[in-house]
Amino acid sequence: MSEHHEESELARAWEALRDLVNDNRRIKARLMKPSSTWSSLCAGLDALADADLALDAVIQSLESSSERGSRYITIYGALQAL
């Protein structure tokens, strides 16, 4: 990803949610009981972040490529990321 990448609205939202959960002891304590709830939340936030980064890379790749095969595999990868 380039240095001049602008953070997406989705990235800002999951970062805010992650910060809220990690910085608030009461919320964190409630989510950690049972531990499966905490694990599910963390996994979900990580999946959102990964999908957002993957889709960002796809957009950049599509903008820079005009070859049909390259565009096909890029779109295929985007669908796998979802």
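Residues numbered from 1 in each chain as written. Predicted model: local features only at pLDDT ≥ 70, side-chain atom pairs only at ≥ 80, totals over all residues. Heavy atoms only, no water.

**Student:** Before we go on, may I ask you to explain the packing of helix α1 (residues 9–23) against helix α3 (residues 35–64) in this structure?
**Tutor:** The geometry of a pair of packed helices is captured by two quantities: the angle between their axes and the separation between those axes. For the pair α1 and α3, interaxial distance at closest approach is 10 Å and the crossing angle is 155 degrees. Looking at the two axes, α1 sits roughly antiparallel to α3. For the pair α1 and α3, the sense of crossing is left-handed. Residues L10, A11, W14, L17, R18, V21 and N22 of α1 pack against W38, L41, L45, D46, L48, A49 and D52 of α3. Here the residues of the contact of α1 with α3 are counted per class, giving 10 nonpolar, one polar and three charged. (Axes fitted to C-alpha atoms, helices over the stretch in contact; angles between N-to-C directions. Helix = DSSP H or I, 4+ residues; strand = E, 2+ residues; numbered from the N terminus. Parallel < 35°, antiparallel > 145°, perpendicular 65-115°, else oblique. Left-handed = near helix turned anticlockwise from the far one by under 90°. Contact = heavy atoms within 4.5 Å. Nonpolar A, V, L, I, M, F, W, Y, C, P; charged D, E, K, R; others polar.)

**Student:** Please clarify how α1 should be interpreted in this entry.
**Tutor:** Each full turn of the α-helix corresponds to 3.6 residues, which orients residues three or four apart in the same direction. Look at α1: 21 Å from first C-alpha to last across 15 residues, which is about the 21 Å you get at 1.5 Å a residue. Burial in α1 covers these residues: A11, W14 and V21. Around the axis of α1, the buried residues are gathered within 100 degrees of arc, so they sit on the same side. Of the exposed residues in α1, those oriented more than 90 degrees away from the buried face are E9 and D23. Contact partners of the buried residues in α1: α2 (25–31) and α3. (Expected span 1.5 Å × (residues − 1). Buried < 20%, exposed > 50% of the residue type's maximum accessible area, 1.4 Å probe, protein only. Arc of directions from axis to C-beta.)

**Student:** In this structure, what is going on with the environment of Y72? I would like to understand it.
**Tutor:** Within the secondary structure, Y72 sits in helix α4 (residues 68–81). Residues Y72 and N22, 50 residues apart in the sequence, show an inter-C-alpha distance of 39 Å.

**Student:** How should the packing of α3 against α4 be read in this particular structure?
**Tutor:** Between α3 and α4, whose axes approach to 9 Å, the crossing angle comes to 165 degrees. When the axes of α3 and α4 are compared, the pair comes out roughly antiparallel. In terms of crossing hand, the pair formed by α3 and α4 is left-handed. Contacts between α3 and α4 involve A51, A54, L55, V58, S61 and L62 from the first element and R71, T74, I75, A78 and A81 from the second.

**Student:** What am I meant to see in a nonpolar patch on the surface here?
**Tutor:** Together, Y72, I73 and Y76 make up a nonpolar patch on the protein surface, roughly 370 Å² of accessible area in all. With respect to the helices and strands, I73 occurs in helix α4. Among the residues examined, I73 registers a relative accessible area of 51% and is labelled exposed. (Patch = residues over 30% accessible without salt bridge, like charges linked within 9 Å, V, L, I, M, F, W, Y side chains within 5 Å. Areas by Shrake-Rupley, 256 points an atom, 1.4 Å probe, with all protein chains shown as cover. Salt bridge = Lys/Arg side-chain N within 4 Å of Asp/Glu carboxyl O.)

Note that all results are geometric; they support no functional claim without further evidence.
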